[in-house]
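Analysis of the macromolecular model
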Amino acid sequence: MSSNDTDCHYCLQSLRGRKYALREENAYCVTCYDSLFANPCEECKQPIECNSKDLAYKGRHWHEGCFKCAKCSRSLVEKPFAAKDELLLCTECYSDEYSSKCFHCQKTIMPGSRKMEFKGSSWHESCFVCQYCRQPLGTKPLITKDNENYCVPCFEKKFAHHCYSCKKVITSGGVTYHDQPWHKECFVCAGCKTQLSGQRFISKDEYPYCVDCYSKLYAKKCAACKKPITALGGAKFISFEERQWHGECFNCAKCSVSLVGQGFLTRQDDVLCHE
């Protein structure tokens, strides 16, 4: 200290032989320094003098002896702690009061450890894994089944149906035909390739056909009206000696009376009632 700096910068009393503190290159006696610059302790409200250790956290200050858990009063000096509603708590007290439990292992998720949130539940990062491959899910896409989480590749491998036509995974919706799963866009008429989902269709040799294609390709023609007989909706038809009729077309060729369920005779290509 030079001869020009032998006095307290505030009270101007000599500092020779006395303790002093420096602030911005100015010297102060202990009394002036404490009165001017000492921070008040959050716990005891007394100033933290220059010969005491000042512990600071988020702009607040404590004496070393006052820096303790607000619940159990254990010292927090050089120990992990958490803050809640401006109170400082040791990790044990914070966990008891506020920490959530891991949905998987049911153990406390300690303050400062990484926590995953999913469907309103909390998980340790190390517990939030695919049930099948055990790899961390993190923020990757996942699918839940029976309260278990799966990454998309594992879910598809273990549970997903594969389309009978294109062999690719069916992720949603789909159609079942002959106990086989199909994409809606793959379930098409074997003839004209029109999508059949939600439409009327007819099966032939395990293949689906729209009504028009089936009628053109396979349906018998009515001997009377020459139109296809599709038998859709349970419609009745009559077959006799390799000829077929719609139920409403099976009438006497002369008097037009219905012959369904009645006896009849044939004359060349005609069918006739007994009368």
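Parameters at a glance
Residues numbered from 1 in each chain as written. Predicted model: local features only at pLDDT ≥ 70, side-chain atom pairs only at ≥ 80, totals over all residues. Heavy atoms only, no water. UniProt positions renumbered as here; feature names shortened; annotations may be inferred. Helix = DSSP H or I, 4+ residues; strand = E, 2+ residues; numbered from the N terminus. Rg over C-alpha atoms; globule rule 2.2 N^0.38 Å. Contact = heavy atoms within 4.5 Å. Areas by Shrake-Rupley, 256 points an atom, 1.4 Å probe, with all protein chains shown as cover. Lys, Arg positive; Asp, Glu negative; His and termini not counted. Charge placed at Lys NZ, Arg CZ, Asp CG, Glu CD. Buried < 20%, exposed > 50% of the residue type's maximum accessible area, 1.4 Å probe, protein only. Polar contact = N/O pair within 3.5 Å; in protein donor to acceptor, adjacent residues only side chain to side chain. Salt bridge = Lys/Arg side-chain N within 4 Å of Asp/Glu carboxyl O. Phe/Tyr/Trp six-rings, centres within 6.5 Å; stacked < 30°, edge-to-face > 60°. Lys NZ or Arg CZ within 6 Å of the ring centre and 35° of its normal. Core = buried A, V, L, I, M, F, W, Y, C linked by side-chain atoms within 4.5 Å.

An unreviewed UniProt entry lists the protein chain under the name Four and a half LIM domains protein 5, with Mycteria americana as the source organism. What the UniProt record of the protein chain gives under Subunit (unreviewed entry) is the line "Interacts with CREM (via the third LIM domain). Interacts (via second LIM domain) with SPAG8." Taken verbatim from the UniProt record of the protein chain, the Function (unreviewed entry) comment is "May be involved in the regulation of spermatogenesis. Stimulates CREM transcriptional activity in a phosphorylation-independent manner."

Digging into the overall build of the protein chain
Within the protein chain, the regular secondary structure consists of four helices and 22 strands. A globule of 275 residues ought to have a C-alpha radius of gyration of about 19 Å, yet the protein chain, at 45 Å, is considerably larger. Overall, the protein chain is about 145 × 40 × 35 Å in size when its C-alpha atoms are taken along their principal axes. Within the protein chain, contacts between residues separated by at least 24 positions form 12% of all contacts whose residues are at least 6 apart in sequence. Carbon and sulfur atoms make up 46% of the accessible area of the protein chain, which amounts to about 18800 Å² in all. Between the averaged position of the 38 positive side-chain charges in the protein chain and that of its 32 negative side-chain charges there is a distance of 8 Å.

Regarding the environment of Glu242
Inspection of the secondary structure assignment puts Glu242 in the loop between strand S19 (237–240) and strand S20 (243–246). Glu242 gets classed as exposed once you look at its relative accessible area, which sits at 78%. C-alpha separation for the pair Glu242 and Ala223, spaced 19 residues apart in sequence, amounts to 9.9 Å.

Structural notes on the side chain of His63
In this fold, His63 is placed in strand S4 (residues 60–63). Here the side chain of His63 touches Pro47 through a polar contact of 3.1 Å, landing on its backbone oxygen. If near-sequence neighbours (up to four positions away) are discounted, His63 is found in contact with Cys41, Cys44, Gln46, Pro47, Ile48, Ser52, Lys53 and Leu55.

Topic: unusual backbone geometry
Positive phi, close to 60°, is recorded for Glu78, a residue that is not glycine. For Glu78, the position within the fold is in the loop between S4 and strand S5 (81–84). The backbone of Asp179 sits at a positive phi, close to 65°, despite the residue not being glycine. Relative to the helices and strands, Asp179 resides in the loop between strand S13 (175–177) and strand S14 (180–182). Judged by relative accessible area, Asp179 falls into the exposed class, the value being 73%.

Considerations on the pattern of salt bridges
Pairs can form between side chains of opposite charge once their charged atoms are near each other. Going through the model one piece at a time under the given rule, you end up with six salt bridges. Of the charged contacts, one joins Arg267 and Asp270 as a salt bridge, the two residues approaching to 4.0 Å between their closest N and O atoms. Judged by its relative accessible area of 52%, Arg267 falls in the exposed class. Given a relative accessible area of 32%, Asp270 falls into the partly exposed group.

Re the environment of Gly261
If you trace the backbone, Gly261 turns up in the loop between S20 and strand S21 (265–267). It is 10.0 Å that separates the C-alpha atoms of Gly261 and Gly247, two residues lying 14 residues apart in sequence.

Quick word on the packing of aromatic side chains
Throughout the structure, instances matching the rule amount to 21 aromatic pairs. Geometrically, the ring pair formed by Phe67 and Phe81 is edge-to-face, given 5.4 Å between the ring centres and 85° between the ring planes. Note that Phe67 is positioned in the loop between S4 and S5 and Phe81 in strand S5, a separation of 14 residues in sequence. Its relative accessible area of 26% is what places Phe81 among the partly exposed residues. Residues Tyr177 and Trp182 carry aromatic rings whose centres are separated by 6.0 Å and whose planes lie at 70° to one another, so their mutual orientation is edge-to-face. The pair Tyr177 / Trp182 is uniform in exposure class, with both members buried. Among the aromatic residues, those joined into a ring-pair cluster are Tyr164, Tyr177, Trp182, Phe187 and Phe201. Of note, Lys145 hangs over the ring of Phe159, and the distance from its end group to the ring centre comes to 5.2 Å. The aromatic ring of Tyr164 is capped on one face by Lys167, whose charged end is 4.9 Å from the ring centroid.

A short note on the nonpolar core
By size, the foremost hydrophobic cluster in this structure holds 15 residues, and its most contacted members are Trp182, Phe187 and Cys189. Sorting the residues of this core by element identifies S13, strand S16 (207–210) and helix H4 (211–217) as the ones contributing at least two each. Look past the residues within four positions of Cys189 in its chain and what remains in contact with it is Thr194, Leu196, Pro208, Tyr209, Cys210 and Cys213. Membership of the second largest hydrophobic core comes to 14 residues, among which are Cys41, Leu55, Ala82 and Cys90.

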